[in-house]
Amino acid sequence: MGDGASPAYAVGDAVLATHDDGKTYSAKVIDTRTKDGVAEFKVHWSGFNKKQDQWLAVAKMVRDTVDARREAEVAAQRTRAEEGRKAAAPPPPPSTSGT
């Protein structure tokens, strides 16, 4: 993608993008630019205020397709399951170093 080819996305494209919080959200490309030779895309997060619009590298985005949504949901389920396991883990045993 950094080979000078045309940008991967165009204004108006629907994407799934990774936010700074590590979660994937629906977004729409609203602007494009090249910064230091790297294509960047300004996205508007669906359902959020335009003040939250953000410039992202292509690596943080995928085209919004049925398959991409399915993959994002599977990843989210894995994350929720891991968080649930951590929360359900028993506390460590008390220290016996004093005996």
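We now turn to the structure provided with this report. (Residues numbered from 1 in each chain as written. Predicted model: local features only at pLDDT ≥ 70, side-chain atom pairs only at ≥ 80, totals over all residues. Heavy atoms only, no water.)

### Examining the side chain of Glu40
Next, step 1: Position of Glu40 among the secondary structure elements: in strand β3 (residues 38-45).
Next, step 2: Among the residues examined, Glu40 registers a relative accessible area of 17% and is labelled buried.
Next, step 3: One polar contact links Glu40 to Arg33, side chain to side chain, over a distance of 2.7 Å. (Helix = DSSP H or I, 4+ residues; strand = E, 2+ residues; numbered from the N terminus. Buried < 20%, exposed > 50% of the residue type's maximum accessible area, 1.4 Å probe, protein only. Polar contact = N/O pair within 3.5 Å; in protein donor to acceptor, adjacent residues only side chain to side chain.)

### Observations concerning the pattern of salt bridges
Next, step 1: Evaluated as defined, the whole model comprises six salt bridges.
Next, step 2: Asp13 is the salt-bridge partner of Arg63, the closest N and O atoms lying 3.1 Å from each other. Pair noted here: Arg63 is in strand β5 (residues 61-63) and Asp13 is in the segment before β1 (14-18), with a separation of 50 residues, a long-range link.
Next, step 3: A salt bridge links Lys60 to Asp20; the nearest nitrogen and oxygen atoms lie 3.9 Å apart. (Salt bridge = Lys/Arg side-chain N within 4 Å of Asp/Glu carboxyl O.)

### Digging into the pairing of β1
Next, step 1: Bridge count for β1 against strand β2 (residues 24-35) is five bridges, and the pairing is antiparallel. Looking at β2, one finds that Thr18 is bridged to Thr24.
Next, step 2: Turn length for the β1-β2 hairpin, with the two strands adjacent in sequence and antiparallel, is five residues, and the turn residue Gly22 shows positive phi of about 85°.
Next, step 3: Bridge count between β1 and β5: three bridges; the pairing is antiparallel. Note that in β5 the partner of Val15 across the bridge is Arg63. (Pairing = 2+ DSSP bridges.)

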